[in-house]
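An overview of the molecular structure
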Amino acid sequence: MKKIIYTLFLLVFFSCNTETNNDFIIKDSEMTNILTDLHLAEAYVSQLKLNTTNTLDSLSYYKQLIYKKHQITESLFNRSMAHYSQDPKKLEKIYKEVKKQIEDLDSQLPHIDETENLILKEKQDTIESVVNKNQPFSNKNKP
């Protein structure tokens, strides 16, 4: 009888785990925000034109800042990525939202293409030359 009670006790003890694996996974919405920050950091570092070692060091530094910002650890992030990788549809949904967030941020930035930039420069040069010619007290107007 003691063996049966002991066996039942062990069975109940190990089967009544109140924490599920999902308690140790970052929620979809927060994962989206973290991945957005990580991809922006990667894009920024890639624009710095550093050598490989400095690029990896910089990226590692920014990753740590992002983990700290979101109050997570690297192991929690890695565990969550492994979890979402097991469900490609959910990961695709997260990445669609990441893409949307990056596009929204991009749309908030001022965009000047090269032709607009050249036209503005020409106008500025023209204005400066007119102003310089018409200065009443400049040396150019003295006889």
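Heads up: the structure comes first, above all this text.
Reading the values: the criteria
- Residues numbered from 1 in each chain as written.
- Predicted model: local features only at pLDDT ≥ 70, side-chain atom pairs only at ≥ 80, totals over all residues.
- Heavy atoms only, no water.
- Helix = DSSP H or I, 4+ residues; strand = E, 2+ residues; numbered from the N terminus.
- Contact = heavy atoms within 4.5 Å.
- Patch = residues over 30% accessible without salt bridge, like charges linked within 9 Å, V, L, I, M, F, W, Y side chains within 5 Å.
- Areas by Shrake-Rupley, 256 points an atom, 1.4 Å probe, with all protein chains shown as cover.
- Salt bridge = Lys/Arg side-chain N within 4 Å of Asp/Glu carboxyl O.
- Core = buried A, V, L, I, M, F, W, Y, C linked by side-chain atoms within 4.5 Å.
- Buried < 20%, exposed > 50% of the residue type's maximum accessible area, 1.4 Å probe, protein only.
- Expected span 1.5 Å × (residues − 1).
- Phe/Tyr/Trp six-rings, centres within 6.5 Å; stacked < 30°, edge-to-face > 60°.

Looking at the side chain of Ser-80
Among the secondary structure elements, Ser-80 is positioned in helix α4 (residues 74–85). What Ser-80 contacts, discounting residues up to four positions off in sequence, is Phe-24, Ile-25, Ile-26 and Met-31.

A look at a nonpolar patch on the surface
A cluster of nonpolar side chains, namely Tyr-44, Leu-48 and Leu-50, defines an oily patch on the protein surface of about 260 Å² accessible area. Tracing the backbone shows Tyr-44 in helix α2 (residues 28–47).

Digging into the nonpolar core
In terms of nonpolar packing, the biggest core is built from 17 residues, with Met-31, Ile-34, Leu-35, Ile-72 and Phe-77 touching the most fellow members. Listing elements by their share of this core, those giving two or more residues are α2, α3 (52–69), α4 and α5 (88–107). It is α2 that contributes the most residues to this core, five residues altogether. Excluding anything up to four places from it in sequence, Met-31 contacts Ile-26, Phe-77, Ser-80, Met-81, Tyr-84 and Ile-94.

A look at the pattern of salt bridges
A complete count under the given rule lists four salt bridges for this structure. With its nearest N and O atoms 3.3 Å apart, the salt bridge here joins Lys-100 to Asp-104. Taken as a pair, Lys-100 and Asp-104 lie in helix α5 at a separation of four residues, close to a single helical turn. Judged by relative accessible area, which is 43%, Lys-100 ranks as partly exposed.

Focus: α2
Over its 20 residues, α2 extends 29 Å from the first C-alpha to the last, a length consistent with the 28 Å expected when each residue adds 1.5 Å. The set of residues buried in α2 consists of Met-31, Thr-32, Ile-34, Leu-35, Thr-36, Asp-37, Leu-38, Ala-41 and Val-45. Check the buried side of α2 and you find it contacts α3, α4 and α5. Looking one or two residues past α2, Lys-49 carries a phi angle of roughly 55 degrees, positive in sign.

Some remarks on the environment of Lys-90
Checked against the element boundaries, Lys-90 lands in helix α5. For the pair Lys-90 and Asp-28, spaced 62 residues apart in sequence, the C-alpha separation works out to 8.3 Å. Those residues in contact with Lys-90, other than ones at most four positions away along the chain, are Asp-28 and Tyr-84.

Comments concerning the packing of aromatic side chains
Evaluation of the coordinates by the stated rule reveals three aromatic pairs. Aromatic pair Tyr-44 and Tyr-62: ring centres 5.8 Å apart, planes at 85 degrees, arrangement edge-to-face. Taken together, the residues Tyr-44 in helix α2 and Tyr-62 in helix α3 connect sequence positions 18 residues apart. Overall, the relative accessible area of 46% leaves Tyr-44 in the partly exposed class. The partly exposed category is assigned to Tyr-62, whose relative accessible area is 27%. Three or more aromatic residues link up through ring pairs in this structure, and these residues are Tyr-44, Tyr-61 and Tyr-62.

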